[in-house]
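If you want the building blocks of each chain, they are given just below.
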2 protein chains.
Amino acid sequence: PDGPLEEDGGSGAGVADDTAEFGLVSVAQGPRLGIGMDSCVIPLRHGGLSLIQTTDFFYPLVEDPYMMGRIACANVLSDLYAMGITECDNMLMLLSVSQKMNEKERDQVMPLMMKGFRDAAEEAGTSVTGGQTVINPWIIIGGVASVVCQPNDFIMPDSAVPGDVLVLTKPLGTQVAVNAHQWLDIPEKWNKIKLVISREEVEQAYQEAMLSMATLNRTAAALMHKFNAHAATDITGFGIIGHARNLAQQQKNDVAFVIHNLPIISKMAAISKAGGNLFGLLQGTSSETSGGLLICLPREQAARFCAEMKSSRAGDGQQAWIIGIVEKGNRCARIIDKPRIIEVPYRGSVVSAQEGSNNNASPPEVQLT
Amino acid sequence: PDGPLEEDGGSGAGVADDTAEFGLVSVAQGPRLGIGMDSCVIPLRHGGLSLIQTTDFFYPLVEDPYMMGRIACANVLSDLYAMGITECDNMLMLLSVSQKMNEKERDQVMPLMMKGFRDAAEEAGTSVTGGQTVINPWIIIGGVASVVCQPNDFIMPDSAVPGDVLVLTKPLGTQVAVNAHQWLDIPEKWNKIKLVISREEVEQAYQEAMLSMATLNRTAAALMHKFNAHAATDITGFGIIGHARNLAQQQKNDVAFVIHNLPIISKMAAISKAGGNLFGLLQGTSSETSGGLLICLPREQAARFCAEMKSSRAGDGQQAWIIGIVEKGNRCARIIDKPRIIEVPYRGSVVSAQEGSNNNASPPEVQLT
């Protein structure tokens, strides 16, 4: 979550809301264009062009340095993708080496993390040409993504209308999956959840979360143009409800977002319940890292958007779900009382599941009560 | 010192050289244009424009949070100024709050630091529209500066020719001044230097260093165009000799830089000697924070450059010194055996000194042996 810094710099804010167990802190609004948006948009002096950029840095949350690099890069770029931007002109990398690492650990870990970041940047069609590295008690990884755009290259996230539907492009539950994985080694934590999930399933869920976080939202950004998206944001530190509310507040029209379905990595809802409503996953407050895009689409386009995301040609088989509706309202967002939980299978198990159902391409979830 | 990240991300590098007592680590080269430069230059798809950007973040080194914010901002922008760029389209702020601060400390310190950063950005004619804040064991402050330029807006730092002279736009010695100030409270350190400087002078030197570090190099950047600068860099973590060498290596012509004069904040050379060649100040290896620009200028223009820097109209009375020459050579840089130390008086004491000599506008230092 980038989110421009607070305008007045006052009240000790811009640092107030520590929303994520991962150590993320999101910050508030900026001046000019871009109030509350994922990226800032700076009109340039040259021929109607705008500079759009975003920054993000945080601490490792998965154990695999290479995947951590990919996740960090996907997370930075996601703020551009949320505005329907598909190209990035340049990235900078922000790094710190932990002072607690010895030279050998450093030489093993940091190049892998940098390689993951660079590989994801390359997959995104951009590259990393600069950055800064410091030594710090904790490892830090993050970056800056910048692009110079023509007006048609980006979609301002402010034009949702009643009748639109809400589409989500990645499942929720990354925070639960990452934490459950850590709890495998903490008996008092593990005892709370072991009745609802096996150790093997925790491993699979963790792998699924890692792959999901490392996936670029670039295809979704491209399809936002094709299917006339009215607004979008990416789901990160504030959880789906936090980002839905933020997006609702930016709308020009009197709209409200109502979420009916929660696609969640399989078994993560059960863990959350078993742990006493862990992280508020079912209330939508569990923070995500490098989550999906939440997109307001015309109702008649949404199913095709989801189908095209899933088609291997354009979308590498990524799934997307219609999760709610846009109705007339007061620029707020809510989840209905008993949302339908969509259990999203792990990729490992998906392979076999798909083999049985591949010809029977299931329609996207459109059953809204 | 931004300096793009290492291309291959390999060898654990990009993180190797901890050059500064301040905790700065500088990183190595990048691909595309911009090898070893202070900012990266990205050709855009739009009408000959380039995106030029840089990032820097580090840890506080002065006690005054407001001044620290100003220094951090001046330090980030300096990488643009080193390329003769006078405008900045956008800044992002990078911050971390220390987890060791209580709420009251946080609410006192962080807004001041942010205000300092913003005020310096405003002085630079730009503004801060985004950023990221995290919680960390240590306070971090830094930023990103970006600008979209036409070809004439920037000066590639690669065109020095034999016969040029080297100009420096801020005195050296900030690291010595900051450390000496800390040693006021550390008897075993203070005992080493107390014979050559009084406590009051340490305070004055520290103030002078703080003001110098908080000064924008923007005037110098503008005058680089007016006086046909051939190349420039800013002096930061690698000290004057490190940055001079780096700049020499980037030259198209067979040149070498020879430094004859070292303008140093008054008494800092004496402290360095008394402490047993502290930080290698007289060898040019003492790191600086937000130091001056080192500029290769045609000999016949350099004196006028310095005079115009000093004139209140354009340069707010900043001083600049001719410190060396460009000769034919092997893209290296050196300081002569016994460089002339120019004692740069503290601003407090400058006022009275200037009163006596104002009409007698002294020529810039041009006596090169």
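Residues numbered from 1 in each chain as written. Chains lettered and ligands numbered in written order. Predicted model: local features only at pLDDT ≥ 70, side-chain atom pairs only at ≥ 80, totals over all residues. Heavy atoms only, no water.

An unreviewed UniProt entry lists chain A under the name Selenide, water dikinase 1, with Cyprinus carpio carpio given as the organism. Its UniProt record gives chain A a comment under Subunit (unreviewed entry), which states: "Homodimer." The heading Function (unreviewed entry) in the UniProt record of chain A holds the text "Synthesizes selenophosphate from selenide and ATP." (UniProt positions renumbered as here; feature names shortened; annotations may be inferred.)

## Description of the overall build of chain A
Check the secondary structure of chain A and you find 11 helices and 13 strands. Within the span of chain A, comprising 369 residues, buried residues form 63% of the whole. Residue pairs at least 24 apart in sequence account for 82% of intrachain contacts in chain A once pairs closer than 6 positions are excluded. For chain A, the exposed area adds up to about 13,300 Å²; of that, 50% sits on carbon and sulfur atoms. (Helix = DSSP H or I, 4+ residues; strand = E, 2+ residues; numbered from the N terminus. Buried < 20%, exposed > 50% of the residue type's maximum accessible area, 1.4 Å probe, protein only. Contact = heavy atoms within 4.5 Å. Areas by Shrake-Rupley, 256 points an atom, 1.4 Å probe, with all protein chains shown as cover.)

## Here we look at the sheet that holds strand E11 (residues 293-297) of chain A
Residues and elements named next belong to chain A. Strand order in the open sheet made by the six strands is E9-E11-E8-E12-E10-E13, with mixed pairing throughout. Looking at the sheet topology across the chains shown, the edges are occupied by strand E9 (231-234) and strand E13 (333-344). Looking at each pair of strands side by side, their axes are set apart by 20 degrees on average, direction ignored. Summarising the sheet, strand E10 (residues 255-265) and E13 pair through eight bridges and their orientation is parallel. Bridge pairing in E13 links Ile 264 to Glu 343. Sheet strands in contact with helix H7 (residues 239-249) are strand E8 (165-168), E9, E10, E11, strand E12 (321-328) and E13, and its direction is about 155 degrees off that of E10. (Pairing = 2+ DSSP bridges. Axes fitted to C-alpha atoms, helices over the stretch in contact; angles between N-to-C directions.)

## Quick notes on the sheet that holds strand E9 (residues 231-234) of chain B
Residue and element names in this part refer to chain B. Judged by pairing direction, the sheet is mixed, and its six strands sit side by side in the order E9-E11-E8-E12-E10-E13 without closing on themselves. Strands with a single pairing partner mark the edges of an open sheet, and in this sheet they are E9 and strand E13 (332-344). The sheet shows a mean angle of 20 degrees between the axes of neighbouring strands, direction not considered. In this structure, strand E8 (residues 165-168) lies alongside strand E11 (residues 293-297), joined through four bridges in antiparallel fashion. Following the sheet pairing, Leu 168 is matched in E11 by Leu 294.

## Let's talk about helix H6 (residues 218-226) of chain A
Buried within H6(A) are the following residues: A:Thr219, A:Ala220, A:Ala221, A:Leu223 and A:Met224. Backbone geometry just after H6(A) places A:Asn228 at a positive phi near 55 degrees.

## Re the confidence of the model for chain A
Interpretation of the predicted coordinates at a detailed level should be avoided for regions scoring low in pLDDT. Residues and elements named next belong to chain A. Predicted confidence across chain A gives a mean pLDDT of 86, with 83% of residues reaching 70 or more. Per-residue pLDDT stays below 50 along residues 1-35; that stretch engages in 135 contacts with residues further than four places along the chain or on separate chains. Predicted confidence is poor over residues 350-369, with pLDDT under 50, and the contacts of this stretch with residues over four places away or in other chains come to 20 contacts. Predicted complex, confidence summary: ipTM 0.79, pTM 0.83. (pLDDT = per-residue confidence, 0-100.)

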